[in-house]
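Chain residues, written in single-letter form:
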Amino acid sequence: MALAPVQAPEPTVDGFVTQYLRNLNNGRGVALSTSTANDRYFALAATVRDYLMARWLEDVRRQRTMQSKGVAYLSAEYLLGRQLDNNLLATGLTDIAAEALVACGLDLEDVRALEVEPGLGNGGLGRLAACFIDSLATLGVPSIGYGIRYEYGIFRQTFVDGQQVEQADSWLALGSPWEFPHPEAAQTISFGGHTETYDDEGVTRTRWEPSWNVLAVPYNYMVPGYHNGRVNTLRLWSAQATKGFDLRVFNAGDYQEAVRAQTYAENISKVLYPEDSTPQGKELRLQQQYFFVAASISDFVNLILPSDFDMTHLPERVIFQLNDTHPVIGVPELMRVLVDERKLEWDAAWQITQQCFAYTCHTLLPEALEVWSADLLGRLLPRHLEIIYRINDEFLEQVRERFAGDADRVQRMSIISPDGSVRMAFLATVAGSKVNGVAELHSQLLREKVLPDFDEFFPGKFTNVTNGVTPRRFVRLANPGLSRLITDTIGAGWLTDLDRLRELEDYADDAEFRSAFRAVKAANKRVLARTLAERDGLTVADDHLLDVMVKRLHEYKRQTLKLLHIITEYDAIASGRVTADQVTPRTFVFGAKAAPGYAMAKRIIHLINAVGSVVNDDPRVEGRLKVLFPPNYNVTLAERVVPAADLSEQISLAGKEASGTGNMKFALNGALTIGTDDGANVEIRELVGDDNFFLFGMAEPEVADLQSRGYHPIDFVRADENLSRALELISSGAFSGGDTSVFEPVVTNLTHHDPFMALADYTDYIAAQKRVDALYADQDAWTRAAILNVARCGFFSSDRSMRDYIDRIWHTPPIV
Ligand code: 26V
């Protein structure tokens, strides 16, 4: 008999029902009548999987046998969001599934609500990785995503008396129907010990004698392309103790120690670090990084490539894309594999390695660039430290040759800093074939301010790829109403060719289209209102301007500036200078998690909640200003908030936000942006036009100028009475029941040593908000501008980002 792979079930309602009941009975061991909600969700997920399986197996087989080059995306984070809806959409089965469930007496809405999103990322960087793998599958690029299967993802945020309290995110408590574990294919990953040299038929080689090992168990996830029958793989690694290690200790009679060792090993993939942008140099984090990178490189080199593969041809088969510095330890790891294991000459190995890596930088904050102490590296990865030293020695030798006598430059460019630690961004830059920033401004500042010596030394190495977002999740799934309107107006096809949104420009002046567009926005607000009512017991008025700021809480993002605007509006009413009916009715929505150790960020969260309580409860406001702060902002909530928003707040200090990707999601869903000239805001404004964007604040050169002249916040307080009143309200205890101490640190920070100069942009921000009010008063003009935002932001599809990576960095043709 022919051993053909499985066939997909019939894509009909009957076929779906049959397969669904089979999965419920055989997979879950329950009858429909005795099933739990979780059983019904698992069976549905399994059924969708069944439709993807044959394609997946075929694509995996092809990627192993083909001779062409593929991308291995290395990322410590993937902020995936829920999978069910996305996979139904990709397969085109949404309607069939809905009908099939009705036939079973069930409701798709109810069943899909059971899915817990895998929060395996902190914010923009992790969500970007998720958008990229979606686009790679949709474009049909041979690729695999590698990362860590954290047992606990980003913490669940709750508020107690307005203050953030973190809870463990046990997303796997009920299991996940989307993963395929392969314990039999585990890789052994080593740590510690020492190195020694030995004679190998006249050649001196180095051997690493590690002191302990863990197992890296792969879990595979399907990554379906949109309507193209392609399914790529995301492979996340989970740490497990090796048997041998426990046994040795166990035989020595110390059972407790054996169990402790096991726990130690399994800790490696236990929890996602919730800090974004302030690396802490923690040993466990370095273990996580090496763990997943070593497993991934070995997986590709030893398992995906044929066993007799000639490593000198490696660059023709793979490019390892480094998502920030987190996977950069892969550079010395590949060198170790090539030199110590495959016995290549150092120079040949270095040639190969340099072609096999490329590095994306996602920040400009100097404190966010990772460094590892030589001490820690030497203890955990002694061979890698040696390799890094040699890479550095040879590199600095070249620098000395090119710039004889310039000792200063040599020190500036050294991968090893004067205090002896390893600068991972420098290592990535020296090793990578390309280095890219994530928006035009960011890439420019990266070249000019962060790594200018390297830009001079490696002409042509630096490039830009502006970020993007997947329109499948963030337009089609999140905003079905707008999607329908677009398709009815310009036809299908835009979802995989987002530039076609341009065709909507003509309709901005069409009154009928504008009213349909407005109706969609109103419906989305009602959906959000229902979500927030059910989820958090919050009420959203449907006649308010919805003004949204959702992103991680960080001083550089300046949630405080948004707060000062709210307080100023409130103060105008509370002091009797205006009556409530003279302000534009607005609902301010915040979503933000603070890193658990970031005290100032947590205090700002407390302040937002405190201001919310006072403003929301003051009868003089007559409900015309509302502050809502639903806890635990995540991808699932983003999918409700973004389509409902009128105004998108992108107000970071110019030069600090590398790109932002929320800004793109809002613009594509017809919100107008109020923003500084920062990150991708710059490109959004260029595309949508000045009339359709509320620009305010200092541009980056002005920021630099003010910094060099000396920033004196008090000057700005003195110059603007509204600002001094708003600050005084906080100081006076108006939002803390008269207690003047609670928020004093926030005010002191803003007025004395705020590196992000929030007060310098206040006056201009308020002026820009007045322009918002004015335009909003003219609903036709506002809607026109919103439509033009949608029409002109097709550039921000992550499909375009992926094409840019392919053209500028990877040179990996899609397979058709
Ligand atoms: C750094 C660290 C340091 C160690 C602890 C864990 C951790 C986790 C993440 C990071 C990365 C910080 C950089 C980052 O997230 N950058 C954001 O990347 C987005 C995608 O390119 C971009 O849109 C945002 O502007 C940028 O802040």
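Since the model is a prediction, treat every value here as computed from it, not as a measurement. (Residues numbered from 1 in each chain as written. Predicted model: local features only at pLDDT ≥ 70, side-chain atom pairs only at ≥ 80, totals over all residues. Heavy atoms only, no water.)

Taken together, 20 residues lie around the ligand, and Glu275, His362, Asn467, Glu657 and Gly660 are the ones closest in. Tyr556 places a side-chain nitrogen or oxygen 3.2 Å from an oxygen atom of the ligand. At a separation of 2.6 Å, an oxygen atom of the ligand approaches a polar side-chain atom of Glu657. Burial of the ligand by the surrounding chains reaches 94%, relative to a free accessible area of 600 Å². Per element, the largest residue contribution to the shell around the ligand is 3 residues, and it comes from helix H6 (residues 124-139). (Near = heavy atom within 4 Å. Polar contact = N/O pair within 3.5 Å; in protein donor to acceptor, adjacent residues only side chain to side chain. Areas by Shrake-Rupley, 256 points an atom, 1.4 Å probe, with all protein chains shown as cover. Helix = DSSP H or I, 4+ residues; strand = E, 2+ residues; numbered from the N terminus.)

Moving on: the UniProt feature "modified residue: N6-(pyridoxal phosphate)lysine" (unreviewed entry) in the protein chain. Here the UniProt-annotated "modified residue: N6-(pyridoxal phosphate)lysine" (unreviewed entry) positions come out as Lys665. For Lys665, the location among the structural elements is in helix H24 (residues 662-668). You can call Lys665 buried: its relative accessible area is 10%. (UniProt positions renumbered as here; feature names shortened; annotations may be inferred. Buried < 20%, exposed > 50% of the residue type's maximum accessible area, 1.4 Å probe, protein only.)

The subject of this paragraph is helix H25 (residues 681-688). Buried residues dominate H25, accounting for 6 of its 8 residues. Those residues of H25 not exposed but buried are Asn681, Val682, Glu683, Ile684, Arg685 and Val688. Where H25 is buried, its residues contact helix H16 (440-450), strand S22 (647-650), H24, strand S23 (672-675), strand S24 (694-695) and helix H31 (779-792). Where H25 terminates, the next one or two residues include Gly689, which has phi positive at roughly 95°. (Contact = heavy atoms within 4.5 Å.)

Right, let's get into unusual backbone geometry. Positive phi, normally seen in glycine, also occurs at Arg558, with a value near 65°. Along the chain, the position of Arg558 falls in the loop between strand S19 (545-550) and helix H21 (559-574). One non-glycine residue, Asn632, lies in the positive phi region at around 60°. With respect to the helices, strands and loops of the structure, Asn632 is situated in the loop between strand S21 (625-628) and helix H23 (635-644).

For strand S20 (residues 586-591) and S21, the ladder comprises 4 bridges, and the chain directions are parallel. Considered in S21, the bridge of Thr587 is made with Lys626. With respect to chirality, the unit in which S20 leads through helix H22 (residues 599-617) into the neighbouring parallel S21 is right-handed. (Pairing = 2+ DSSP bridges. Right-handed = clockwise from strand over helix to strand, strands pointing away.)

The relation between two aromatic rings is expressed through the spacing of the ring centres and the mutual angle of the planes. Under the definition given, this model contains 29 aromatic pairs. Measuring from centroid to centroid gives 4.6 Å for Phe191 and Trp212, while their planes differ by 20°, and the two rings are stacked. Taken together, the positions of Phe191 in strand S8 (residues 187-191) and Trp212 in strand S11 (residues 212-224) put the pair 21 residues apart, joining distant regions of the chain. With a relative accessible area of 15%, Trp212 lands in the buried category. Their ring planes at 80° and their centres at 5.4 Å tell us that Phe395 and Phe457 sit as a pair that is edge-to-face. (Phe/Tyr/Trp six-rings, centres within 6.5 Å; stacked < 30°, edge-to-face > 60°.)

As far as domains go, the protein chain holds domain 1 (1-66 + 88-114), domain 2 (67-82 + 117-180 + 220-233 + 276-466) and domain 3 (473-796). The interface is formed by 22 residues belonging to domain 1 together with 26 residues belonging to domain 2. Across the domain 1/domain 2 interface, buried area totals approximately 2200 Å², and carbon plus sulfur atoms make up 59% of it. Together, Arg49, Trp56 and Met66 form the three largest contributors to the area buried by domain 1 at its contact with domain 2, with a combined 31%. Between the two partners, domain 1 and domain 2, sit 1 salt bridge. In this assembly, domain 1 and domain 2 are joined by 12 residue pairs in polar contact (both at pLDDT 80 or more). At the level of elements, helix H2 (37-65) and helix H3 (84-91) are the ones that each hand at least two residues to the side of domain 1 that touches domain 2. Its residues assigned to classes, the side of domain 1 that touches domain 2 comprises 12 nonpolar, 4 polar and 6 charged. (Domains from an automatic or database assignment. Buried area = accessible area lost by both parts, 1.4 Å probe. Salt bridge = Lys/Arg side-chain N within 4 Å of Asp/Glu carboxyl O. Nonpolar A, V, L, I, M, F, W, Y, C, P; charged D, E, K, R; others polar.)

Here the focus is the environment of Leu759. Along the chain, Leu759 turns up in the loop between helix H29 (744-752) and helix H30 (762-777). In sequence terms Leu759 and Pro713 are 46 residues apart; their C-alpha atoms lie 6.2 Å from each other. Discounting residues that sit within four places of it in the chain, Leu759 has contacts with Leu564, Tyr711, Pro713, Phe716, Val717, Leu723, Leu727, Leu750 and Thr751.

To continue, consider the side chain of Thr661. Looking at the secondary structure, you find Thr661 in the loop between S22 and H24. On the basis of relative accessible area, Thr661 is assigned to the buried category, the value being 9%. Discounting chain neighbours no more than four positions away, the residues touching Thr661 are Gly124, Leu128, Asn467, Gly468 and Val469.

Summed over the entire model, instances satisfying the criterion amount to 0 disulfides. Take Cys131: it sits in no disulfide, and the sulfur closest to it among the cysteines is that of Cys793, at 15 Å. Looking at Cys131, the relative accessible area reads 1%, which means it is buried. (Disulfide = S-S within 2.5 Å.)

With that settled, the discussion passes to the packing of helix H20 (residues 511-536) against H23. When two helices pack together, you describe them by how their axes are tilted relative to each other and by the distance separating the axes. Put simply, H20 and H23 touch, their axes get as near as 8 Å, and they point 145° apart. The two elements H20 and H23 meet at a crossing, and its hand is left-handed. On H23, the residues touching Lys521, Asn524, Lys525, Val527, Leu528, Thr531, Leu532 and Arg535 of H20 are Leu637, Arg640, Val641, Val642, Pro643 and Ala644. Of the residues belonging to the contact of H20 with H23, the class tally is 8 nonpolar, 2 polar and 4 charged. (Axes fitted to C-alpha atoms, helices over the stretch in contact; angles between N-to-C directions. Left-handed = near helix turned anticlockwise from the far one by under 90°.)

Of all hydrophobic cores here, the largest spans 147 residues; its most connected members are Phe191, Phe291, Leu314 and Ile391. Of all the elements, helix H9 (residues 283-304) adds the most residues to this core, at 11 residues. Leave out the neighbours within four places in its chain, and Leu314 touches Val301, Leu305, Phe309, Leu334, Ile352 and Cys356. Core analysis: the second largest hydrophobic core is formed by 108 residues, Leu545, Ile730, Leu750 and Ile766 among them. (Core = buried A, V, L, I, M, F, W, Y, C linked by side-chain atoms within 4.5 Å.)

The next thing to look at is H31. The terminal C-alpha atoms of H31 lie 20 Å apart, and with 14 residues this matches the ideal 20 Å at 1.5 Å per residue to within 8%. A large share of H31 lies buried, amounting to 10 of its 14 residues. Of all the residues in H31, the buried ones are Trp782, Thr783, Ala785, Ala786, Ile787, Leu788, Asn789, Val790, Ala791 and Arg792. (Expected span 1.5 Å × (residues − 1).)

A separate point is the pairing of strand S1 (residues 70-74). Counting buried residues along S1, 5 of its 5 residues qualify, which places the element largely inside the surrounding structure. In S1, alternate side chains face the same way, and those of Gly70, Ala72 and Leu74 on one face and Val71 and Tyr73 on the other are all buried. The sheet contact formed by S1 and strand S13 (residues 318-323) spans 5 bridges and is parallel. When the bridges of S13 are listed, Ala72 appears paired with Phe320. Two elements, S1 and strand S4 (residues 143-148), share 4 bridges in a ladder whose sense is parallel. Its bridge partner being in S4, Ala72 is matched across the sheet by Ile144.

Let us look at the sheet that holds S21. Read across the sheet, 6 strands follow the order S21-S20-S19-S22-S23-S24 without closing on themselves; strand pairing throughout is parallel. In this open sheet, the two strands that pair with only one neighbour each are S21 and S24. Of the strands in this sheet, S20 and S21 are in contact with H22, which crosses S21 at around 145°. Here H31 sits on the sheet and contacts S22, S23 and S24; the angle it forms with S23, its principal contact strand, is near 85°.

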